[in-house]
Amino acid sequence: MKPVIALVGRPNVGKSTVFNRLTKSRDAIVADFAGLTRDRHYGTGKQGRHEYIVIDTGGFEPTAESGIYMEMAKQTRQAVAEADVVIFVVDARAGVSAQDYDIANYLRKLGKPTVLAANKAEGMTDGVKLTEFYELGLGDVHGMSAAHGQGIRDLVDLALEPL
Ligand code: GDP
Ligand code: MG
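All of the points below concern the structure found in this document. (Residues numbered from 1 in each chain as written. Chains lettered and ligands numbered in written order. Predicted model: local features only at pLDDT ≥ 70, side-chain atom pairs only at ≥ 80, totals over all residues.)

Turning next to helix 1 (residues 15-22). Structurally, the α-helix is built with 3.6 residues per turn, so residues lying three or four positions apart point the same way. All of the buried residues along helix 1 are Lys 15, Val 18, Phe 19, Arg 21 and Leu 22. Each buried residue of helix 1 sits inside an arc of 165° when the element is viewed along its axis, so together they form one side. Contacts from the buried residues of helix 1 go to strand 1 (4-8), strand 3 (41-47), strand 4 (50-56), strand 5 (85-91), strand 6 (114-119) and helix 4 (152-160). (Buried ≥ 20, exposed ≤ 12 C-beta atoms within 10 Å, placed from the backbone. Helix = DSSP H or I, 4+ residues; strand = E, 2+ residues; numbered from the N terminus. Arc of directions from axis to C-beta. Contact = placed C-beta atoms within 7 Å.)

Dropping the structure here:
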């Protein structure tokens, strides 16, 4: 079984853009993997000899109690449950948000291996802004830019390393 990576984060941080960078084939593979649900967005990717499955999710509102946000939260929890490792995507330009704290708390409690990826970090050379993400208590911050294709290889290495 290939390792499963779930992409989690609040809306608009660039999860789907990361997903597109990490995957070559999408959705069609789902049928091949018993135990994975169909109602999320799956893809497969490969780096060197290492193949993996990626799950994209909608924005995560861990405290949502109704409607579409509750449904998205449920979907995300299921994706995280299916995953061997989580990539928690945050927005390097926006900085830490209250929602990021909610998600970080949720992931920390689960104790699943988590890589913290600060996306949209293109051109942020000094890294000062990235240090505030250490407050989330999830360890090192990986600066990257999905839109510009920067830091993708390292992201996959970091995700697969603990497995
Ligand atoms: P999602 O809601 O988390 O899936 O986010 P999307 O992947 O849909 O991206 C949200 C917006 O952020 C889109 O306008 C993307 O083009 C933009 N975006 C994604 N990655 C980057 C990046 O690395 N840098 C910048 N500047 N914008 C990005
Ligand atoms: Mg998306």
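Another aspect to go through is unusual backbone geometry. Leaving glycine aside, a negative phi is the common case for residues, and trans is the common case for peptide bonds. With a phi close to 80°, Asn 12 is a non-glycine residue in the positive phi region. Along the chain, the position of Asn 12 falls in the loop between strand 1 and helix 1. Its 11 C-beta neighbours within 10 Å are what place Asn 12 among the exposed residues. In the Ramachandran plot, Lys 120 falls in the positive-phi region, its phi being about 65° despite a non-glycine side chain. With respect to the helices, strands and loops of the structure, Lys 120 is situated in the loop between strand 6 and strand 7 (141-143).

A word on the pairing of strand 4. Most of strand 4 is tucked away, with five of its seven residues classed as buried. The pairing of strand 3 with strand 4 spans seven bridges and is classified as antiparallel. Across the sheet, Tyr 42 pairs through a bridge with Ile 55, a residue of strand 4. With antiparallel pairing between neighbouring strands as the criterion, strand 3 and strand 4 make up a hairpin whose turn holds two residues, including Gly 48 at a positive phi of roughly 60°. (Pairing = 2+ DSSP bridges.)

Residues in close proximity to ligand 1 total 16 residues, the closest being Gly 14, Lys 15, Ser 16, Thr 17 and Ala 147. Take the shell around ligand 1: its biggest share by element is three residues, from helix 1. Considered class by class, the residues forming the shell around ligand 1 number four nonpolar, nine polar and three charged. (Near = placed C-beta within 6 Å. Nonpolar A, V, L, I, M, F, W, Y, C, P; charged D, E, K, R; others polar.)

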